[in-house]
Amino acid sequence: MTNVVGLSCVICDKAYAADYTGYVCPDHGNEGILDVQYDYERIGATFTKDSLAADRDRTMWRYRPLMPIASDAAVPPLTVGGTPLYDAIPLAAGLGVANVFVKDEGRQPTASLKDRASAMAVVKAQERGAEIVTTASTGNAAAALAGLAASVGQRNVIFVPASAPEAKISQLLAYGSTVVLVNGTYGDAFDLCMEASAEYGWYNRNTGYNPFMTEGKKTAGLEILEDLAWEAPDSIFVSVGDGSIIGGVHKAMKDAFALGWIDHMPHIFGIQAAGSDYLVQAF
Ligand SMILES: *Cc1c(COP(=O)(O)O)cnc(C)c1O
Ligand SMILES: [Zn+2]
């Protein structure tokens, strides 16, 4: 039993049932990303700020009623979530603003926010009885999937471009992943991963494709709000690669706003490094 009412295509709004096992809206191919829709009225009837305050589980799973998983689904044993929000007083003083808070996702088991999505991927893969979970990545997403999968003995195959740093690849091997080195770019590794997943029925964790990754990542945003006693900040700044984390942060704000737990939507800013600014260029 979950509180999901269905999935909806972000391009055409077409609705799909909660138990739809595809990843995207077929009318829009790989761009037809699906957004998980919840029954907020039902959630809010029993899941409240007070019930959360009384919950001693400090992991990401404390927000389970707002997740696309069954209330009794087994979750990985690693502690994912519950990362600190620092009150960065000198930073605020230097910037001349009242408050600056910094969310430290480096404290996750494999050292990045990606653990939140990979933990969700592992739960969904086990729910479907998938023999293998797969992803393409050059870095943190691969490490996260490898680590979370290892924690539950879930077999996984990770496609990485052959140019990936040796240290990153050895981390995956240490976690027991099967690593496929692809002679080509990240794009080539991604394409091969997508084909293998479709051909062999492997559970696909690729970001910007699997609709549930956002639902894991959003728990970082929910933690920020809860740590601020549900007083939404004016602005949130998110480092952006392909935009999945910022999408998750937005989803958290949307959920909290729909539940009436915050009184406004914060401004959300995406920040890209000059050397990796594809979205800025696209705009
Ligand atoms: C993945 C990652 C990002 C970018 O996330 P996107 O979802 O691709 O926008 C930024 N910082 C770190 C540390 C990451 O691991
Ligand atoms: Zn569509």
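This text gives an overview of the structure that appears in the document. (Residues numbered from 1 in each chain as written. Chains lettered and ligands numbered in written order. Predicted model: local features only at pLDDT ≥ 70, side-chain atom pairs only at ≥ 80, totals over all residues. Heavy atoms only, no water.)

**Section: the coordination of the zinc ion (ligand 2)**
Point 1. Here the zinc ion (ligand 2) is held by Cys9 (SG), Cys12 (SG), Cys25 (SG) and His28 (ND1), and the distances to it run 2.2 to 2.4 Å.
Point 2. Coordination at the zinc ion (ligand 2) is tetrahedral, judged from the four donor atoms that bind it and the angles of 102 to 113° they form at the metal.
Point 3. Here the donor residues of the zinc ion (ligand 2) are spaced in sequence according to C-x2-C-x12-C-x2-H. Separated by 19 residues along the polypeptide, Cys9 in strand E1 (residues 4–9) and His28 in the loop between strand E2 (15–16) and strand E3 (34–38) bring together distant segments of the chain. (Donors = N, O, S within 2.8 Å, 3.2 Å for Na, K, Ca; no water. Tetrahedral: all angles 85-135°; square planar, octahedral: opposite > 155°, others 65-115°. Helix = DSSP H or I, 4+ residues; strand = E, 2+ residues; numbered from the N terminus.)

**With respect to the site of ligand 1**
Point 1. In the neighbourhood of ligand 1, the contacting residues comprise Lys114, Asn140, Lys217, Ser239, Val240, Gly241, Asp242, Gly243, Ser244 and Ile245.
Point 2. Taking Asn140, its side chain carries an N or O atom lying 2.7 Å from an oxygen atom of ligand 1.
Point 3. A distance of 3.0 Å separates an oxygen atom of ligand 1 from a polar backbone atom of Ser244.
Point 4. Protein contacts shield 71% of the accessible area of ligand 1, which totals 390 Å² for the unbound molecule.
Point 5. For the shell around ligand 1, the residue count by class is two nonpolar, five polar and three charged. (Near = heavy atom within 4 Å. Polar contact = N/O pair within 3.5 Å; in protein donor to acceptor, adjacent residues only side chain to side chain. Areas by Shrake-Rupley, 256 points an atom, 1.4 Å probe, with all protein chains shown as cover. Nonpolar A, V, L, I, M, F, W, Y, C, P; charged D, E, K, R; others polar.)

**What about the sheet that holds strand E9 (residues 203–204)?**
Point 1. Spatial ordering of the open sheet is given by E8-E7-E6-E9, a layout of four strands whose pairing is parallel. Only two strands of the sheet have a single neighbouring strand rather than two, namely strand E8 (178–182) and E9.
Point 2. For strand E6 (residues 132–136) and E9, the ladder comprises two bridges, and the chain directions are parallel. The partner of Val133 across the bridge, within E9, is Tyr203.
Point 3. Each of strand E7 (155–161) and E8 is contacted by helix H6 (residues 166–174), which is oriented at about 150° to E8, the strand it contacts most. (Pairing = 2+ DSSP bridges. Contact = heavy atoms within 4.5 Å. Axes fitted to C-alpha atoms, helices over the stretch in contact; angles between N-to-C directions.)

**Here we look at the sheet that holds E2**
Point 1. Here three strands make up an open sheet; going across it, the order is E2-E1-E3 and the pairing antiparallel. For this open sheet the edge positions go to E2 and E3, each flanked by a neighbour on one side alone.
Point 2. Note: E1 against E2, two bridges, orientation antiparallel. Within the sheet, the bridge partner assigned to Ser8 lies in E2 and is Ala15.

**Some words on the packing of helix H4 (residues 114–127) against helix H8 (residues 213–227)**
Point 1. Between H4 and H8, whose axes approach to 7 Å, the crossing angle comes to 135°. Here H4 lies oblique to H8, going by the angle between them. Crossing angle aside, the handedness with which H4 passes H8 is right-handed. Where H4 abuts H8, its residues Lys114, Arg116, Ala117, Met120 and Ala121 lie against Met213, Glu215, Gly216, Lys217, Thr219, Ala220 and Glu223.
Point 2. Grouping the constituent residues of the contact of H4 with H8 by class yields five nonpolar, two polar and five charged. (Parallel < 35°, antiparallel > 145°, perpendicular 65-115°, else oblique. Left-handed = near helix turned anticlockwise from the far one by under 90°.)

**Focus on the pairing of E1**
Point 1. Most of E1 is tucked away, with five of its six residues classed as buried.
Point 2. Where E1 lies against E3, five bridges are found, and the strand directions are antiparallel. For Gly6, the partnering residue across the bridge sits in E3 and is Gln37.
Point 3. Linkage of E1 to E2, two consecutive antiparallel strands, is achieved through a turn of five residues, within which Asp13 is found at a positive phi near 70°. (Buried < 20%, exposed > 50% of the residue type's maximum accessible area, 1.4 Å probe, protein only.)

**Brief notes about the side chain of Ser118**
Point 1. Relative to the elements of secondary structure, Ser118 occurs in helix H4.
Point 2. According to the relative accessible area criterion, Ser118 is buried, its value standing at 0%.
Point 3. Apart from the residues lying within four places of it in its own chain, the contact partners of Ser118 are Ala141, Ala144, Leu145, Leu148 and Arg205.

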